[in-house]
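# Coordinate analysis (summary)
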Amino acid sequence: MTVLTAPDKRPDKPPAASGRRRRSRTVPPFALNLAALTLGITVWAVATSAHLVDVPGPLSVGSRALQMAGDGTLGEDALASLRRVFLGFALGTLLAVPVGFLMGWYPLARGLLEPYVQFFRTVPPLAIIPLAIVTMGIGETPKVFVIFLAAFLSSVVAAFQGVIGVDSTLVNAARVLGARDRVIFLKVVVPAATPFLLVGMRIGLGASWATVVAAELIAADKGLGYEMMHAQTYYDLPTIFVGLISIGVIGLVMDRLLLRAERHLTAWQERR
Amino acid sequence: MKPSLSKSDASDASAAPDGFDASAAKISFRGAGKTFPLKQGEFTALDEVSLDIADREFVTVVGPSGCGKSTLLNLAAGLAEPTTGQVLVDGAVVTGPGPERGVIFQQYALFPWLTVRGNVEFGLKLTSLSAAERRRKADHAIELVGLADFADALPKTLSGGMKQRCAIARAYAVDPDVLLMDEPFGALDALTRVQMQDQLLDTWTRERRTVLFVTHDVDEAVYLARRVVVMAARPGRVHRVIEVDLPYPRTEELRLSPEFARIRNEVWHAVYHQEPAGSVAPVT
Ligand SMILES: Nc1ncnc2c1ncn2[C@@H]1O[C@H](COP(=O)(O)OP(=O)(O)OP(=O)(O)O)[C@@H](O)[C@H]1O
Ligand SMILES: [Mg+2]
């Protein structure tokens, strides 16, 4: 899930050369975002009310959303999807951290595990769904498993890359102060690899969220993906829109939260 | 006289600033060489260096860039293994790094996620010291390099010179027998640099560690050392070893004296007018 990064990724660039550029930078990014949103919704409203496109307008989607929120379906669906994501993501990350660190630290573990990791990385988790459904049934297990896989694969590679990328002078600095392997691993390698791991987790969470919706499209009795699939059979376009927008908003919020955590945990990094 | 083993024996310093025992080599390079494998053949970074550094001696190393100064230091630190010969410390072959040999790296190598105090305490935490004792030692070392006001700052907020001083404090804190310093004052401004030199000499005369100090500054090399090792490049080797026959404590007065100028000129000449052994002419 790649989302707009405009509000945070506004680093101190060298001062813009032209005065015009500088003036545009003084507009708070948030105001710009808000203006863009308003404009988008307006265009949407105009286009639909003029019957330029044959989709429901913001008003009918809004009232459908209120209705679904009122009778509890929206909340239930979102919760069902979120539960699967958090379970799969938590399990995947929990396993990825030790495995990734192990692979980075011990060449033996790396040699044994890397072929598998690299292979499964090239198989999209969604492609596992048919297999998962056949072998694990249509309950929660296959969905959580697929999400687990998506989260695990992106985090394990990140953790592994983080470990092998640790600056060797830092390791040497610890060694000359008397640190042995265990201390070097815990006090140097782990903190140095954390920024990489967090980036991997963020990508993993995005992949998990994308995967859950797809998994629910195939087989579920609850969840945002299921609700959209269900609406499709009745040509219920407003519900599909509500589902889409909810997926986007929840995904965005999760990404922002993790980005916050990442910024906080890696505040020591020098940023350009 | 045989030097006392207690490093903080202050009386010893005034009695005999030069009173080390030349027969007791603290660090001894015996035909120590280092080659790095290249795509084709190999590159000789250091060609069979033989050099003895006495206990409590202060030796500086100067030479053109790429002549193997850092490599020499790494061998003594135990961070690199010699491909020929051996390196002995206290008569034992060096097999790896240890806290009794403190290293100050050319690239500060501070842990960016730790504060200044966290960095300085890193080595102390590996000892059996109590938390209070650790804190006291760390604060002392931080004080010594003038970073007391920045004890809780992260490295990213420090200037280059401050980072370097933090790295120095980190090495001092664990109280090593041997200090291996790789251009430690390279990033400092001229004034701080002179202050740090005097401070280093001051601690050295009081605590008498063995110091192997790499620099590219000829003045610094002469001011600090009892012997200056001048290296040459391609292959990296010891070109000359020049005695600095000046008494400690070294002072500003001495820095401006004709004897100092004479030795400085000699070292300068040895560094910058080496007969080219390989293809490169010396850089001026
Ligand atoms: N790991 C390595 N692999 C290959 N060559 C290396 C390696 N480390 C050092 N060298 C080479 O060995 C030579 C000596 O390097 P070294 O770092 O000891 O030089 P130096 O005298 O410390 O230089 P400077 O004054 O620039 O710090 C250099 O020419 C360098 O290219
Ligand atoms: Mg060097």
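Calculation rules
- Residues numbered from 1 in each chain as written.
- Chains lettered and ligands numbered in written order.
- Predicted model: local features only at pLDDT ≥ 70, side-chain atom pairs only at ≥ 80, totals over all residues.
- Heavy atoms only, no water.
- UniProt positions renumbered as here; feature names shortened; annotations may be inferred.
- Pairing = 2+ DSSP bridges.
- Helix = DSSP H or I, 4+ residues; strand = E, 2+ residues; numbered from the N terminus.
- Axes fitted to C-alpha atoms, helices over the stretch in contact; angles between N-to-C directions.
- Left-handed = near helix turned anticlockwise from the far one by under 90°.
- Contact = heavy atoms within 4.5 Å.
- Nonpolar A, V, L, I, M, F, W, Y, C, P; charged D, E, K, R; others polar.
- Domains from an automatic or database assignment.
- Buried area = accessible area lost by both parts, 1.4 Å probe.

- Under an unreviewed UniProt entry, chain B has the name ATP-binding protein and belongs to Streptomyces dioscori.

- As annotated in an unreviewed UniProt entry, chain A carries the name ABC transporter permease and is attributed to Streptomyces dioscori.
- The record held by UniProt for chain A lists under Sequence similarities (unreviewed entry) the comment "Belongs to the binding-protein-dependent transport system permease family."
- Recorded in UniProt under Subcellular location (unreviewed entry), the annotation for chain A is "Cell membrane".

### Let's talk about the sheet that holds strand β1 (residues 25-37) of chain B
All names here are of chain B.
- Read across the sheet, four strands follow the order β2-β1-β4-β5 without closing on themselves; strand pairing throughout is antiparallel. Two strands lie at the open edges of the sheet, namely β2 (42-54) and β5 (92-93), each paired on one side alone.
- Sheet analysis places β1 next to strand β4 (residues 84-89), joined by five bridges and oriented antiparallel. Looking at β4, one finds that serine 28 is bridged to leucine 88.

### Structural notes on the packing of helix α6 (residues 129-136) of chain A against helix α7 (residues 140-164) of chain A
Residue and element names in this part refer to chain A.
- At their nearest, the axes of α6 and α7 sit 8 Å apart, and the two run at 145° to each other. Remark: the crossing between α6 and α7 carries right-handed chirality. Side by side, α6 and α7 meet where Ile129, Ala132, Ile133 and Met136 of the first sit next to Thr141, Pro142, Phe145 and Val146 of the second.
- Looking at the contact of α6 with α7, its residues break down into seven nonpolar, one polar and no charged.

### Observations regarding the domain arrangement of chain B
Residues and elements named next belong to chain B.
- Looking at chain B, the domain boundaries give domain 1 (22-100 + 178-284) and domain 2 (102-175).
- Centre-to-centre separation of domain 1 and domain 2, based on C-alpha positions: 24 Å.
- Between domain 1 and domain 2, the contact holds 22 residues from the first and 17 residues from the second.
- Both sides of the domain 1 and domain 2 interface together cover about 1,600 Å² of buried area, and 58% of this is carbon and sulfur.

### A look at the sheet that holds strand β9 (residues 227-232) of chain B
Residue and element names in this part refer to chain B.
- Strand order in the open sheet formed by six strands is β6-β7-β8-β3-β9-β10, and the pairing between neighbours is mixed. Where the open sheet ends on each side, the last strands, each with one partner, are β6 (101-104) and β10 (237-243). Taking the axes of each pair of neighbouring strands and ignoring which way they run, one obtains an average angle of 15° across the sheet.
- Where β6 and strand β7 (residues 178-182) come together, four bridges link them in parallel fashion. Bridge pairing in β7 links arginine 101 to valine 178.

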